[in-house]
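In case you want the letters, here they are:
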Amino acid sequence: MTEDYRLEFAEELVGVPDPFRRFWTPYRMAYISGENKPRGNRPEDGCPFCRAPQRSDEDALIVHRGEHCYVIMNLYPYGPGHMLVCPYRHVAGYVDATQDEVVEMAELTQDAIRTLQEAVSYIHLTLPTNREV
Ligand SMILES: [Zn+2]
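The rules behind these values
- Residues numbered from 1 in each chain as written.
- Predicted model: local features only at pLDDT ≥ 70, side-chain atom pairs only at ≥ 80, totals over all residues.
- Helix = DSSP H or I, 4+ residues; strand = E, 2+ residues; numbered from the N terminus.
- Buried ≥ 20, exposed ≤ 12 C-beta atoms within 10 Å, placed from the backbone.
- Pairing = 2+ DSSP bridges.
- Axes fitted to C-alpha atoms, helices over the stretch in contact; angles between N-to-C directions.
- Expected span 1.5 Å × (residues − 1).
- Arc of directions from axis to C-beta.
- Contact = placed C-beta atoms within 7 Å.
- Core = buried A, V, L, I, M, F, W, Y, C linked by C-beta atoms within 7 Å.

What to know about the overall build of the chain
Along the chain, the regular secondary structure elements total four helices and three strands. Ordered by position from N to C terminus, the α and β elements of the chain give α-α-α-β-β-β-α. By the burial criterion, 8% of the 133 residues in the chain qualify as buried.

Description of the sheet that holds strand 3 (residues 83–87)
With respect to topology, three strands assemble into an open sheet ordered 1-2-3, the strand pairing being antiparallel. Only two strands of the sheet have a single neighbouring strand rather than two, namely strand 1 (62–65) and strand 3. Strand-to-strand, the axes of this sheet are offset by a mean angle of 20°, without reference to chain direction. Where strand 1 lies against strand 2 (residues 69–73), three bridges are found, and the strand directions are antiparallel. Across the sheet, Arg-65 pairs through a bridge with Tyr-70, a residue of strand 2.

Some remarks on helix 4 (residues 99–119)
Here helix 4 contains 21 residues, and its C-alpha end-to-end distance of 30 Å stays within 8% of the 30 Å for a straight helix at 1.5 Å per residue. Along helix 4, the positions that sit buried rather than exposed are Glu-101, Met-105 and Leu-108. Along the long axis of helix 4, the arc covered by the buried residues comes to 75°, so they all point the same way. Facing away from the buried side of helix 4 by more than 90 degrees, the exposed set consists of Gln-99, Gln-110, Arg-114, Gln-117 and Glu-118. Close packing links the buried residues of helix 4 with strand 1, strand 2 and strand 3.

Some remarks on the nonpolar core
Formed by Cys-69, Tyr-70, Val-71, Ile-72, Val-85, Cys-86, Met-105 and Leu-108, the largest nonpolar core amounts to eight residues. Elements with a minimum of two residues in this core: strand 2, strand 3 and helix 4. For this core, the element with the most residues is strand 2, which contributes four residues.

Observations regarding unusual backbone geometry
At Asn-36, a position not held by glycine, the phi torsion is positive, near 65°. Turning to its location among the elements, Asn-36 is positioned in the loop between helix 1 (29–32) and helix 2 (48–51).

A few points about the pairing of strand 2
A large share of strand 2 lies buried, amounting to four of its five residues. The turn linking strand 1 back onto strand 2 is made up of three residues. As defined by bridge partners, strand 2 adjoins strand 3 across five bridges and the pair is classed as antiparallel. By the bridge assignment, Ile-72 is partnered in strand 3 with Leu-84.

Without other data, these values stay purely geometric and don't point to any function.
Written out as structure tokens, the structure is:
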């Protein structure tokens, strides 16, 4: 049996395009290693999305505050312009949001997309939720 694979070292792949168009985001290692990660799933466990609105916009990287939700730049972005639209209320996932929160999340998401389309030439859009199933 022949082994037709080759072990690749991440440090050799910086800036090298690949068929999967992977992002190279070594700065995310700070978060992956535990920086600013919550200790659990409750707000009092250090939930970053509950703490952020209590800080100044500048300190928390908040770019818009709505009535039910706010928009924040990701301190550990997957790519340029990585924003999050979050309800002020601690919710486990999208299906737990109220109708008012869902409507405002949708409107703010549209606004964020329009803003990014004007500001940058490349947009990678994902609409994730933090639901553990
Ligand atoms: Zn929270």
